Amino acid sequence: MSDKTIICRCEDLTVEEIREWISKGCDGFEEIKRATRIGMGACQGRTCRRHLIAELAHANQKSPAEIDLSTFRPPTKPLKFGAVAGVDQDD
Amino acid sequence: MDKAEILVIGSGPAGLKAALSAAEQGAEVTLVERDPFLGGQLVKQTHMFFGSKEQYAAERGFKIAEKLSREVEAHPGIRVLCDTTALGYYDDGVVSLEVKGRFATVKPQSLIMATGAQENTLMFPNCDLPGVYGAGAVQTLMNVHGIIPGKRVAMVGAGNIGVIVSYQLLQAGVEVPAIVEALPHIGAYHVHASKVRRMGVPIYTSHTVLSAHGKDSLEKITMVAIDQDRQPVAGTEQELDVDVLCIAVGLTPLTEILFQAGCKMVYIPELGGHVAMRSDTLETSVPNIFVCGDVGGIEEASAAMVEGSIAGLTAARNFGYGKDSYEDQLAAARRELDSLRSGPVGEKIRSGLKRLSSFGEVTQ
């Protein structure tokens with residue numbers, strides 16, 4: 001696969017960049033997310049998560065089932081500030 | 001903060017049936033849907049369904065959506081919120097929502113997850129060029145909005161979605177010069193695959209897309225034969241002039257909220273990825289949280305509808321609704337599921353469910 005192949009469109013990351021981080025020892029889902037912001041953009045990882053799991057599984061010689069994911073936090077989609085402005089304190 | 005007896009997230013085939021089944025027992029249901037209209041992916045399915053008469057065989061998907069949506073909208077026990085996306089689940093059982101652009105919260109006593117799935121993508125050089133589409137997007141463009149995606153479309157994936165969408169493209173007057181499939185065999189029902197073959201579309205099994213080319217948008221792809229280890233076979237590269245590449249390589253369940261709720265999740269490749277462990281009445285490891293349809297494992301819409309019924313009936317029964325008829329209705333639904341999953345067509349889902357059960361029983 002060529003250097004420029006995009007793995008995470010939202011954060012504009014290439015496969016090469018991710019493999020570099022993995023080869024430097026950053027080989028867990030959580031670490032690589034913190035280092036690169038992969039999966040933290042508009043789609044919240046719904047496009048790249050599968051590819052990252054596959055990359056990590058391959059690099060660590062594990063099955064995808066053995067790859068620990070990072071924490072899923074709300075909100076599941078981008079939200080405008082206006083949407084939360086003036087919301088009741090109970091909410 | 002709003003309250004709800006049963007909150008159903010997603011109004012595709014599973015969610016519509018779940019809402020109806022629970023409401024028919026007397027439960028109070030709130031149904032939320034991200035889109036401005038009910039029906040989920042059914043609204044773009046212009047092909048006829050298989051399966052049993054109970055599950056709308058020989059009807060077209062969007063007709064089923066219309067019928068069920070009318071029933072849901074007319075039901076006094078169901079409150080429908082469209083343009084509403086579930087944003088998260090919190091420790092105290094509160095679900096946050098975006099309702100028509102405004103933040104809101106609701107605390108349901110029972111939650112039925114019918115969020116469905118999302119399309120898988122492929123990685124290859126220039127996979128981000130305009131003109132590279134998911135098959136769902138192509139179906140939305142053509143079957144919901146009446147817009148063709150391009151003039152010449154190469155399809156990746158010879159499963160049911162890839163083959164059905166190829167046929168729909170042909171019907172819309174679009175050229176389909178190739179269907180590319182990585183597996184050595186065609187995954188689609190043969191009745192669908194035969195139709196596109198008769199119309200002259202070659203299906204290249206054991207092939208993949210090596211790269212896409214184009215300046216501002218897609219102009220050309222290179223495809224290549226692959227060996228048993230899925231490695232490209234040198235010398236088999238072929239170039240194909242296309243302005244659209246349509247990707248139909250499977251779906252992944254949309255499970256974020258289940259993870260947030262702390263449901264026990266396991267990775268089952270046959271079911272499409274991480275799915276929630278659940279009882280035989282589709283209750284997850286968190287009491288009163290249910291899964292039905294693609295979020296629990298990728299399958300046909302017919303099965304999603306039956307699962308929706310099982311989840312809806314059981315969620316209602318847990319609050320004492322419809323106790324007398326519950327066992328009979330559950331048994332009937334189980335029989336329908338068994339019949340939908342029987343035979344060679346159900347092999348993948350059966351093996352996925354078997355693997356899921358090997359992780360043990362759900363204990364709450």
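Criteria and thresholds
Every chain is numbered on its own, with residues counted from 1 as its sequence reads. Naming scheme: in the order in which they are written, chains are lettered from A and ligands are numbered from 1. Given that this is a predicted model, residues contribute local features only at a pLDDT of at least 70 and side-chain atom pairs are listed and counted only at 80 or more, while totals for whole chains, interfaces and linings are drawn from all residues. For the side-chain quantities, the full set of heavy atoms in the structure was used; hydrogens and water were omitted. What we call a nonpolar core is a set of buried Ala, Val, Leu, Ile, Met, Phe, Trp, Tyr and Cys residues that are connected through their side-chain atoms within 4.5 Å. Burial classes follow relative accessibility: with a 1.4 Å probe on protein chains only, a residue under 20% of its type's maximum area counts as buried, one over 50% as exposed, and anything between as partly exposed. A run of H or I in DSSP counts as a helix once it spans at least four residues, and a run of E counts as a strand once it spans at least two, with each numbered from the N terminus. We call two residues in contact whenever any of their non-hydrogen atoms come within 4.5 Å of each other. Boundaries between domains were set according to an automatic or database domain assignment. Accessible area, probed at 1.4 Å, shrinks when two parts are joined; the buried area is that loss added up over both. Polar contacts, as counted here, are pairs of nitrogen or oxygen atoms within 3.5 Å of one another; within protein the pair requires one atom able to donate a hydrogen and one able to accept it, and residues that are adjacent in sequence qualify only if both atoms are side-chain atoms. Gly is placed with the polar residues, together with every amino acid not listed as nonpolar (Ala, Val, Leu, Ile, Met, Phe, Trp, Tyr, Cys and Pro) or charged (Asp, Glu, Lys and Arg). Within a predicted model, pLDDT stands for the predictor's per-residue confidence, ranging from 0 to 100. When DSSP locates at least two bridges between a pair of strands, those strands are taken to pair. Axis lines are fitted to C-alpha atoms, over the contacting stretch for helices. Their N-to-C directions set the angle, which ranges from 0 to 180 degrees. Our angle categories are set so that under 35 degrees counts as roughly parallel, over 145 as roughly antiparallel, 65 to 115 as roughly perpendicular, and the remainder as oblique. When the near helix sits turned anticlockwise from the far one by under a right angle, the crossing is termed left-handed; a clockwise turn instead gives a right-handed crossing. The term salt bridge refers to a pairing of a side-chain nitrogen on Lys or Arg with a carboxyl oxygen on Asp or Glu at a separation within 4 Å. Starting at the helix axis, one direction is taken to each C-beta atom, and the arc is that of these directions.

Peer 1: When you look at the nonpolar core in this model, what are you seeing that I'm missing?
Peer 2: The nonpolar side chains of soluble globular proteins are, as a tendency, buried together. Residue and element names in this part refer to chain B. Formed by 41 residues in total, the largest nonpolar core has its most connected members in I6, V8, V29, L31, I78, I112 and C292. By residue number, the principal contributor to this core is helix α7 (residues 301-317), which donates ten residues. Once residues lying within four places of it in the same chain are set aside, the contact partners of C292 are A14, A18, I112, M113, A114, L282, E307, G308 and A311. Counting 24 residues, the second-largest nonpolar core is a separate cluster that includes A104, M113, A276 and V286.

Peer 1: It is not clear to me how the domain arrangement of chain B should be interpreted in this structure. Could you clarify?
Peer 2: Residue and element names in this part refer to chain B. Splitting chain B by domain gives domain 1 (2-118 + 251-357) and domain 2 (121-247). With centres defined by C-alpha atoms, the gap from domain 1 to domain 2 works out at 31 Å. Facing eight residues of domain 1, the contacting portion of domain 2 comprises twelve residues. With both chains or domains summed, domain 1 and domain 2 bury close to 880 Å², and 64% of this area falls on carbon and sulfur atoms. One can count four residue pairs in polar contact (both at pLDDT 80 or more) joining domain 1 with domain 2. A per-class count over the side of domain 1 that touches domain 2 returns four nonpolar, two polar and two charged.

Peer 1: Any chance you could explain the confidence of the model for chain A here in plain terms?
Peer 2: In regions of low pLDDT, the predicted coordinates are not meant to be interpreted in detail. Averaged over all residues, the pLDDT of chain A equals 92, while 93% of them reach at least 70. When pLDDT is averaged over each element of chain A, strand β2 (residues 13-14) of chain A comes out on top at 97 and helix α4 (residues 81-84) of chain A at the bottom at 90.

Peer 1: Can you help me understand the sheet that holds strand β10 (residues 175-180) of chain B in this one?
Peer 2: Across a sheet, paired strands are connected by hydrogen bonds in the backbone, their directions being either parallel or antiparallel. Residues and elements named next belong to chain B. Read from one edge of the open sheet, five strands run β8-β15-β9-β10-β11, paired in parallel fashion. Of all the strands in the sheet, the pair left with one neighbour each is β8 (132-134) and β11 (203-204). Taken together, the four bridges between strand β9 (residues 152-156) and β10 define a ladder with parallel strand orientation. Bridge pairing in β10 places M155 opposite I179. Where helix α4 (residues 160-171) meets the sheet, its contacts fall on β9, β10 and β15 (244-247), and the angle it forms with β9 comes to roughly 170°.

Peer 1: Can you walk me through the sheet that holds strand β14 (residues 238-241) of chain B in this structure?
Peer 2: Residues and elements named next belong to chain B. Taking strand neighbours across the sheet as the criterion, the three strands line up as β12-β13-β14 in an open arrangement whose pairing is antiparallel. Each edge of the sheet is formed by a strand with only one pairing partner; in this case those strands are β12 (207-213) and β14. For this sheet, the mean angle separating the axes of adjacent strands, direction not counted, is 30°. Where strand β13 (residues 220-225) lies against β14, four bridges are found, and the strand directions are antiparallel.

Peer 1: What exactly am I supposed to notice about the environment of L337 of chain B here?
Peer 2: If you trace the backbone, L337 of chain B turns up in helix α8 (residues 323-340). Through-space distance from the C-alpha of L337 of chain B to that of A303 of chain B is 6.2 Å; in sequence the pair is 34 residues apart.

Peer 1: Can you help me understand the packing of helix α3 (residues 135-144) of chain B against α4 of chain B in this one?
Peer 2: Angle between the axes and distance between the axes: these two values describe a pair of packed helices. All names here are of chain B. Remark: α3 packs on α4, axes separated minimally by 10 Å, with the N-to-C direction vectors making an angle of 30°. In terms of axis orientation, α3 runs roughly parallel to α4. As α3 runs across α4, the sense of the crossing is left-handed. Contacts from A135, V138, Q139, M142 and N143 in α3 reach I161, V165, Q168 and L169 in α4. Looking at side-chain class alone, the contact of α3 with α4 contains six nonpolar, three polar and no charged residues.

Peer 1: What's the story with the side chain of R341 of chain B in this structure? I'm lost.
Peer 2: Residues and elements named next belong to chain B. Looking at the element boundaries, R341 is found in the loop between α8 and α9 (347-357). According to the relative accessible area criterion, R341 is buried, its value standing at 11%. Only 2.8 Å separates the side chain of R341 from the side chain of E299, close enough to count as a polar contact. With near-sequence residues (within four places) excluded, R341 lies in contact with E299, E307, G346, I349, R350 and L353.

Peer 1: Would you explain the pattern of salt bridges in this entry?
Peer 2: Close approach of charged atoms allows side chains with opposite charge to pair. According to the stated counting rule, one finds 15 salt bridges over all chains in the structure shown. Between R37 of chain A and E11 of chain A there is a salt bridge, and its shortest N-O distance comes to 3.2 Å. Note that R37 of chain A is positioned in the loop between α2 (29-36) and α3 (49-60) and E11 of chain A in the loop between β1 (6-8) and β2, a separation of 26 residues in sequence. Since its relative accessible area comes to 40%, R37 of chain A is described here as partly exposed. Ionic pairing is found between R34 of chain A and E30 of chain A, a salt bridge with its closest N-O pair at 2.9 Å. Here R34 of chain A and its partner E30 of chain A are both found in helix α2, four residues apart, which amounts to about one turn of the helix. Residue classification places R34 of chain A among the exposed residues on the basis of a relative accessible area of 63%. By sharing partners, the salt bridges in this structure join E299, E307 and R341 of chain B into a single network.

Peer 1: Mind showing me how you'd approach helix α1 (residues 15-23) of chain A here?
Peer 2: Residue pairs three or four apart in sequence face the same way in an α-helix, which turns once every 3.6 residues. All names here are of chain A. Turning to α1, its buried residues number three or more, namely V15, I18 and I22. Projected onto a plane normal to the axis of α1, the buried residues spread over an arc of 65° and lie on a single side. Lining the buried residues of α1 we find β1, β2, α2 and α3. Following α1 by one or two positions, G25 adopts a phi angle in the positive range, close to 100°.

Peer 1: Can you help me understand the packing of α1 of chain A against α3 of chain A in this one?
Peer 2: All names here are of chain A. Here α1 crosses α3 at 40°, and the two axes come no closer than 11 Å. When the interaxial angle is binned, α1 and α3 end up oblique. Taken as a pair, α1 and α3 cross one another with a handedness that is right-handed. Only L52, E55, L56 and A59 of α3 make contact with α1, whose side of the interface consists of V15, I18, R19 and I22. Looking at side-chain class alone, the contact of α1 with α3 contains six nonpolar, no polar and two charged residues.

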